[in-house]
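Overview (structure and organization)
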Amino acid sequence: PLPADIPCFPEITDDPVYRTGYFGKWHLGDEVFDQHGFEEWESIEDIYSDYFSPGHDKATRSSYSLFLKEHGYEPDISPNNQFSRTFTASLPLMHSKTKFLEMKAVEFLRRHRNEPFMLYVNFLEPHMPFFGPLDHEHEASGVDFPDNFDDPLDENEPLRYRLLREHYRRNGFEGKDLNTKEGWHRLICNYWGLCTQVDISVGAILTALENLGLAENTIVVFTSDHGDMMGSHRLLAKTVMYEESVKVPWLMRIPQLGRYRRTIDQPVSHIDLVPTLLDVMNAGKMRSIPGYSLKPLIIGEPPDEDHVFIEWNPALLRGKTPHSMLSFTAEDVARVHSASVRAVISPEGWKLCLSDYDKCQLFNLNSDAYERTNLFYSGEYESVISGLKQKIAEWQEKNGDVVRVSV
């Protein structure tokens, strides 16, 4: 176990000035414009101009768009003068979004090597469209389907999830026939190629930290905003509560805590990331920031919060699935597409997902890591369900969440 008196960064003060940069996708509005708190801003997405706030010029394009024009490319979306994701995914690796962000990140580190800094690099990949310059980096013969690839999704599973799977089976995706294993092989290989793109650029940024002598006093965090089903339960993308969608990598290199590997086995939440970083840097806790520091857990002490809460709200998916599927009525489909979900994962490995208009789920992640058996309707785990329902109710009350899920 680590000692309790681990040295931390000096307390953050107004002097010297901290240099800040945000490079990559934003997706929180006004995509291409500098956001509060960041001195340097490098954007990569052109397709959100319709969502710019009043007063912002809708003709403004991303930094990446200017980069592509400098290299002789012309926008493929007219008259909007935008580069589509499909177009940029088809470009050579050296002109890809990952390489662009890598280049900008390394330049930032070189310019600010002698100053305190915070740099946020937000890659789009791996993301739709599922193809890129490294599509053939991985061979189909090396693809092992996930253990739950052929899970039948019984009738006690959420109807929306079954509708989504039927949608992919009938319609495929990006020209891939997902009614065949060959189609899934190709899609997965492409996805791995996108992951490799990110690996290459992350490696280049870490190498720059080493070469510039910054590695020993720089905290590095690698994580993601969501996962991708990529064939688990024969589903794609996110929007579901299965682990492949909601569980993400979270790696931290904290020089002050030792440069050796330590794995945290219990589930933790992204909401605790900022409080953890502030604690490790000895900067205290801002009252306005939710979540708890995970530093106690890292050094072998009990955390302040040991349950992870997840929520899904339905507005993005309404009307996406034809109601003729699986012989369900339009009313059935509208109901489940309007369903909200509130979920909790306990440190003991229980996962409860409560819905207001669709099926609920209970999984024992210790014995059923691939979530093939929904125990909610078995009648054998009422005490577990009751305890976890109470946890969700307490979390909802604390956060002012008024959605009434299953009671």
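An account of the accompanying structure is given in this report.

Thresholds applied
- Residue positions are given per chain, counting from 1 as you read along its sequence in written order.
- The predicted origin of the model limits local features to residues at a pLDDT of at least 70 and limits the giving and counting of side-chain atom pairs to 80 or more, whereas totals for whole chains, interfaces and linings rest on all residues.
- By convention in this description, side-chain values take in all heavy atoms of the structure and omit both hydrogens and water.
- For the purposes of this entry, the term helix denotes a DSSP run of H or I that reaches at least four residues, the term strand denotes a run of E that reaches at least two, and both are numbered from the N terminus.
- Relative accessible area decides the class of each residue, using a 1.4 Å probe on protein chains only: under 20% of the type maximum gives buried, over 50% gives exposed, and in between gives partly exposed.
- Residue burial considers only the protein chains on display, and all accessible areas are found by Shrake-Rupley using a 1.4 Å probe.
- Just so you know, the count uses Lys and Arg for positive and Asp and Glu for negative, and it drops His and the chain ends.
- Charge positions come from single atoms, namely NZ of Lys, CZ of Arg, CG of Asp or CD of Glu.
- Only strands joined by at least two bridges in the DSSP assignment are considered to pair.
- Here an axis means a line fitted to C-alpha atoms, over the contact stretch when the element is a helix, while the angle between two N-to-C directions is reported on a 0 to 180 degree scale.
- The contact definition used throughout considers only heavy atoms, calling two residues in contact when any of these lie within 4.5 Å.
- Throughout this description, a polar contact denotes any pair of N or O atoms lying within 3.5 Å of each other; where both atoms belong to protein, one of them has to be capable of donating a hydrogen while the other can accept it, and for residues adjacent in sequence the pair is counted only when both atoms sit in side chains.
- Here a helix's expected span is defined as the number of its residues, less one, multiplied by 1.5 Å.

In terms of regular secondary structure, the protein chain is built from 10 helices and 9 strands. Viewed in the frame of its principal axes, the protein chain has a C-alpha envelope of about 60 × 55 × 50 Å. Burial analysis of the protein chain (407 residues in total) assigns 48% to the buried set. If you sum the accessible surface of the protein chain, you get close to 21,200 Å²; carbon and sulfur atoms cover 51% of it. Taking the average location of the 41 positive side-chain charges in the protein chain and that of its 62 negative ones, the two points are 2 Å from each other.

Now for the sheet that holds strand β8 (residues 350-355). Strand order in the open sheet formed by 4 strands is β6-β7-β8-β9, with antiparallel pairing between adjacent strands. Of all the strands in the sheet, the pair left with one neighbour each is β6 (308-312) and β9 (361-364). Here the average twist between neighbouring strands, direction ignored, is 10 degrees. In the sheet, β8 pairs with β9 via 4 bridges, with the strands oriented antiparallel. The residue of β9 that forms the bridge with K351 is F363. Running over the sheet, helix α10 (residues 382-399) touches β6, β7 (341-345), β8 and β9 and is turned about 65 degrees from β8.

A word on the environment of W26. When you line up the elements, W26 lands in the loop between β1 (19-24) and β2 (40-42). A relative accessible area of 17% places W26 in the buried class. Side-chain polar atoms of W26 contact the backbone oxygen of G29, separated by 3.2 Å.

Now for helix α4 (residues 159-171). Taking 1.5 Å of rise per residue, the 13 residues of α4 would be expected to cover 18 Å, and the 18 Å separating its terminal C-alpha atoms lies within 8% of that figure. Regarding α4, the residues found buried are L159, R160, Y161, R162, L163, L164, R165, E166 and Y168. Buried residues belonging to α4 abut β6, α9 (330-337) and β9. Just past α4, the residue G172 takes up positive phi, approximately 65 degrees.

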